[in-house]
Each structure stands twice: as C-alpha cells, then as structure tokens.
Amino acid sequence: LLGGSRMNILRVDHVGIAVNNLEETLKFYEDVLGLKCEGTEIVEDQKVKVAFLPVGDTELELLESTCEDGPIAKFIAKNGGRGGIQHVAVRVDDIEKAIEEVKEKGYKMIDEKPRYGAGNAKIAFCHPKGTDGVLLELSERK
C-alpha cells in the first residue's frame, strides 16, 4: 500500500443488496440457498427495512426502502427498477480512527462521524468518488 495504513480491517462485514420486496427476496435466499434470516429490523434514519443472512463469518444484508425517497429507493430507480449490490462493508476495530485516516489521506467521507446502523453497528460511508464508484461502508460492531 502506498504510504501504509494504520487502519485495522478485520474482515468483510457484509454485502448490502437493495431489493424491491424483502419478503419475496428472502424466499429465494432461504428456500433455494438454504440461508437463515436472523430477523428483520427497521432503521428509521436510513429509511430501510433490513434482513441479515449469515454466510460463514460474513453476512448478506438485504435492504428494502421504507419510503419512496430513501437511499435504497433512489438506488433501485437509478438501476432501472431492479435491485442489486448497493454497498460493501468492511469491519474495522476503531471506526473513529478509520474515518480520520481516510480523511487524512485526502479522501472524502459521506459520514464525518459514525452513525447508527443495523445490527447495532457504528457505521460510516466513504464517498464513492474516492473508491471508483463503490459505496464502501466502515462498520464497527462489538
């Protein structure tokens, strides 16, 4: 790595997948793939209903918008009405330190401070302009 990194990325935490209908999509993941949903959760400030499906030591996070103007609804609209991979999250051991390092190295954060995410995580998104279009989430879970 250029300049090295002090950030400690532990693993891929989850892959966020935007879906039009959470219940319908869960049928495929559970009935066909044999994955087990650990329950659903509504995250009001992100305007989403989420379901986590563990896969080994990572998870798939299915996201359904709870309103017409939420970020997931906008993503699906931009994607021609279809869902798809919306973000990739990496687990870090210290999210505040990770955010500072991204900024120190000249990259923009969407979230300058951590906010609450599903699964009781502290999260922050890196701006996709610095990641060649990938929406990358930093996630800290204890």
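It should be noted that the structure appears before, not after, this text.
Attention in this report is confined to the structure presented alongside it. Quantities reported herein were computed from a predicted structural model and do not represent experimental measurements.

1. Re the environment of E59
Moving on, step 1. Tracing the backbone through its elements, the reader meets E59 in strand β4 (residues 58–65).
Moving on, step 2. According to the relative accessible area criterion, E59 is buried, its value standing at 11%.
Moving on, step 3. Each C-alpha atom of the pair E59 and V15 lies 6.7 Å from the other, and the pair is 44 residues apart in sequence.
Moving on, step 4. Excluding anything up to four places from it in sequence, E59 contacts D13, H14, V15, E38, F52, L53, P54 and R141.

2. Quick word on unusual backbone geometry
Moving on, step 1. With a phi angle near 60 degrees, N120 is a residue other than glycine that sits in the positive phi range.
Moving on, step 2. Position of N120 relative to the elements: it lies in the loop between β6 (115–117) and β7 (121–126).
Moving on, step 3. Residue classification places N120 among the exposed positions, given a relative accessible area of 63%.
Moving on, step 4. Despite not being glycine, D132 has its phi angle at roughly 60 degrees, a positive value.
Moving on, step 5. As for its placement among the helices and strands, D132 is situated in the loop between β7 and β8 (136–140).

Reading guide: rules and limits
Residues numbered from 1 in each chain as written. Predicted model: local features only at pLDDT ≥ 70, side-chain atom pairs only at ≥ 80, totals over all residues. Heavy atoms only, no water. Helix = DSSP H or I, 4+ residues; strand = E, 2+ residues; numbered from the N terminus. Buried < 20%, exposed > 50% of the residue type's maximum accessible area, 1.4 Å probe, protein only. Contact = heavy atoms within 4.5 Å.

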